[in-house]
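Coordinates in review
Now for the letters of each chain:
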Amino acid sequence: MLALTVADGNLVPDTVPDPEPGPEEVLIEVAAAGVNRADLLQVAGHYPPPAGAPAWPGLEVAGTIVAVGGDDNSSLVGTEVCALLPGGGYAELVTVDAGLVLPRPEGVELVEAAALPEAAATVHSNLSYLISPIVEEFSPKVLLHGGAGGIGTFALQYAKRILGAEVWTTARAQFTEDLEALGADRVLDYREDDFAAEMRAAGGARAVLDHIGAANLEDNLKALGVDGQLNIIGLQKGRTAEIDLGTLLAKRQKITGTTLRSRPIEQRRQIVGEVFERVWPVVDDGLIKPVVGTRLPLKQAAEAHSIMQAGGHLGKIVLTAA
Ligand SMILES: NC(=O)c1ccc[n+]([C@@H]2O[C@H](COP(=O)([O-])OP(=O)(O)OC[C@H]3O[C@@H](n4cnc5c(N)ncnc54)[C@H](OP(=O)(O)O)[C@@H]3O)[C@@H](O)[C@H]2O)c1
């Protein structure tokens, strides 16, 4: 089969053996693969795939189940699905643990479903702790950095439609109207505006979702209100920073960090199961939609990576089989 493998820091079309599903796995014929920043890091040699995963990138796909490894899942053959992967999505076929598979949501085109698993699992696993407090707390403020990105466009909709939060986000000003349509109440320009001062003046955020890391740390803590939690999912602008721990104590703040791919398989299955229970009904109802800004054929994966690297895109980038 065709796969986009990594050679000397580049993505190249290659012919590799067809994968075969293990006992708890299904084999998916890939219709589309979502592009993620981790794929760019992997190609650059900074994020090796975990043991047992294919050597080529691709953390999420949509497609059709064409074979299963054990009798238990035989009824799934022919089903249109999307799936969270430890890698290997940039290919014509991929095997995946059956517990990491989700049905294609109603009303979502199969190719666009490839944009959902990584964003849904990342956002839900980082923000679902807000679901129960929000029942008691009317419309708390959440600050979501990078609202125009693949994670951000999903997170805005999740925060508005599932958490019922007052949603603030940072992005390029050119995307303000798009992000308001997705659920943003305030869109701040990350290059111009002082998000920490603005959020403080408004009473402080209950939660911040951040992928910038060190460069935002001090301002994120200033933006957080009492009992607020900073959830770090990326380190795009640095991994080392100094903070005044006194504010954590005085405001009872928390800082957490996670990466989805490095979680044990049981946790990833649990997250995907919760996404199916809590998030998929909202997607089925059309209240959360994948935002796919760019589609390119799989063979143009290197171009897709250049687009993501350059920035300035809206939503997810997906690679299509045809
Ligand atoms: N920990 C996890 O489990 C996990 C899982 C998935 C993704 N992630 C991380 O989440 C991040 C977002 O992923 P993605 O797929 O959404 O990438 P993406 O589509 O490239 O989106 C990133 C967004 O951040 C914006 N941005 C750049 N600098 C910013 C700044 N200083 N402040 C606020 N926003 C800024 C970008 O805007 P411009 O277009 O203007 O550059 C872009 O809209 C990445 O760092 C990724 O590695 C983590």
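Residues numbered from 1 in each chain as written. Predicted model: local features only at pLDDT ≥ 70, side-chain atom pairs only at ≥ 80, totals over all residues.

1. As for the packing of helix 3 (residues 117–127) against helix 5 (residues 150–161)
Running from amino to carboxyl end, helix 3 crosses helix 5 at an angle of 50°, the nearest separation of the two axes being 9 Å. As summarised for this structure, helix 3 and helix 5 are arranged oblique, according to the angle between their axes. In the crossing of helix 3 with helix 5, the sense of the turn from one axis to the other is right-handed. Along the contact surface, helix 3 presents Ala119, Ala120, Thr122, Val123 and Leu127, while helix 5 presents Gly150, Ile151, Phe154, Ala155, Tyr158 and Ala159. Residue composition of the contact of helix 3 with helix 5, grouped by class: nine nonpolar, two polar and no charged. (Axes fitted to C-alpha atoms, helices over the stretch in contact; angles between N-to-C directions. Helix = DSSP H or I, 4+ residues; strand = E, 2+ residues; numbered from the N terminus. Parallel < 35°, antiparallel > 145°, perpendicular 65-115°, else oblique. Left-handed = near helix turned anticlockwise from the far one by under 90°. Contact = placed C-beta atoms within 7 Å. Nonpolar A, V, L, I, M, F, W, Y, C, P; charged D, E, K, R; others polar.)

2. Considerations on the packing of helix 3 against helix 10 (residues 265–284)
Orientation of helix 3 relative to helix 10, taken along the N-to-C sense of each, is 90°, at an axis distance of 9 Å. In terms of orientation, helix 3 and helix 10 fall into the roughly perpendicular class. Residue-level contacts link Ala120, Ala121, His124 and Ser125 of helix 3 to Ile271, Val272, Glu274, Val275, Arg278 and Val279 of helix 10.

3. Comments concerning the environment of Glu60
Considering the arrangement of structural elements, one finds Glu60 in strand 4 (residues 60–68). Taking the C-beta count within 10 Å as the criterion, Glu60 has 29 such neighbours and is therefore assigned buried. With near-sequence residues (within four places) excluded, Glu60 lies in contact with Ala33, Gly34, Cys82, Ala83, Leu84, Leu85, Gly89, Ala114, Pro117 and Glu118. (Buried ≥ 20, exposed ≤ 12 C-beta atoms within 10 Å, placed from the backbone.)

4. Focus: the site of the ligand
In the neighbourhood of the ligand, 27 residues make up the surrounding shell, with Gly146, Gly149, His211, Gly234 and Gly311 lying closest. Elements supplying a minimum of two residues to the shell around the ligand: helix 1 (37–43), helix 3, helix 5 and strand 9 (166–171). For the shell around the ligand, the element with the most residues is helix 5, which contributes three residues. Residue classes in the shell around the ligand are distributed as nine nonpolar, 15 polar and three charged. When residues of the shell around the ligand are assigned to domains, at least three fall in each of domain 1 (2–116 + 261–320) and domain 2 (121–257). (Near = placed C-beta within 6 Å. Domains from an automatic or database assignment.)

5. Concerning helix 11 (residues 301–310)
Restricting attention to buried positions, one finds in helix 11 the residues Ala301, Ala304 and His305. Seen along its axis, helix 11 keeps its buried residues to an arc of 100°; they face one direction. Away from its buried face by more than 90 degrees, helix 11 exposes Ser306 and Ala310. Where helix 11 is buried, its residues meet strand 1 (2–7), strand 2 (10–15), helix 1, strand 14 (292–297) and strand 15 (316–320). Positioned one or two residues after helix 11, Gly311 has a phi angle of 80°, which is positive. (Arc of directions from axis to C-beta.)

6. Examining the domain arrangement of the protein chain
Segmentation of the protein chain into domains returns domain 1 (2–116 + 261–320) and domain 2 (121–257). The straight-line distance from the C-alpha centre of domain 1 to that of domain 2 is 26 Å. With 17 residues of domain 1 at the interface, the matching set in domain 2 holds 15 residues. Per element, the largest residue contribution to the side of domain 1 that touches domain 2 is seven residues, and it comes from helix 10. The residue makeup of the side of domain 1 that touches domain 2, split by class, is 11 nonpolar, two polar and four charged.

7. A few points about unusual backbone geometry
Outside of glycine, negative phi angles account for most residues, and trans bonds account for most peptide bonds. Of note in this structure, Asp8 is not a glycine but carries a positive phi near 50°. Within the secondary structure, Asp8 sits in the loop between strand 1 and strand 2. Not every positive phi belongs to a glycine, and Arg252 is a case in point at roughly 50°. Relative to the elements of secondary structure, Arg252 occurs in the loop between helix 9 (245–251) and strand 13 (254–257). You can call Arg252 exposed: it has 11 C-beta atoms within 10 Å.

8. Concerning the nonpolar core
Ile28, Val61 and Ala83 are the most contacted members of the largest nonpolar core, which totals 97 residues. Among the elements that make up this core, the one with the highest residue count is strand 3 (residues 25–34) (seven residues). Each of domain 1 (2–116 + 261–320) and domain 2 (121–257) contributes no fewer than three residues to this core. The residues contacting Ala83, other than those within four sequence positions of it, are Ile28, Glu60, Val61, Val96, Leu100, Val101, Leu102 and Pro117. (Core = buried A, V, L, I, M, F, W, Y, C linked by C-beta atoms within 7 Å.)

9. Quick word on the pairing of strand 2
In this sheet, strand 2 lies alongside strand 1 in antiparallel orientation, the contact comprising six bridges. Bridge pairing in strand 2 links Leu4 to Pro13. (Pairing = 2+ DSSP bridges.)

10. A closer look at the environment of Gly146
With respect to the helices and strands, Gly146 occurs in the loop between strand 8 (141–144) and helix 5. Assessed through the 23 C-beta atoms surrounding it within 10 Å, Gly146 is described here as buried. Once residues within four sequence positions are removed from consideration, Gly146 is found in contact with Ile151, Gly152, Thr170, Ala171 and His211.

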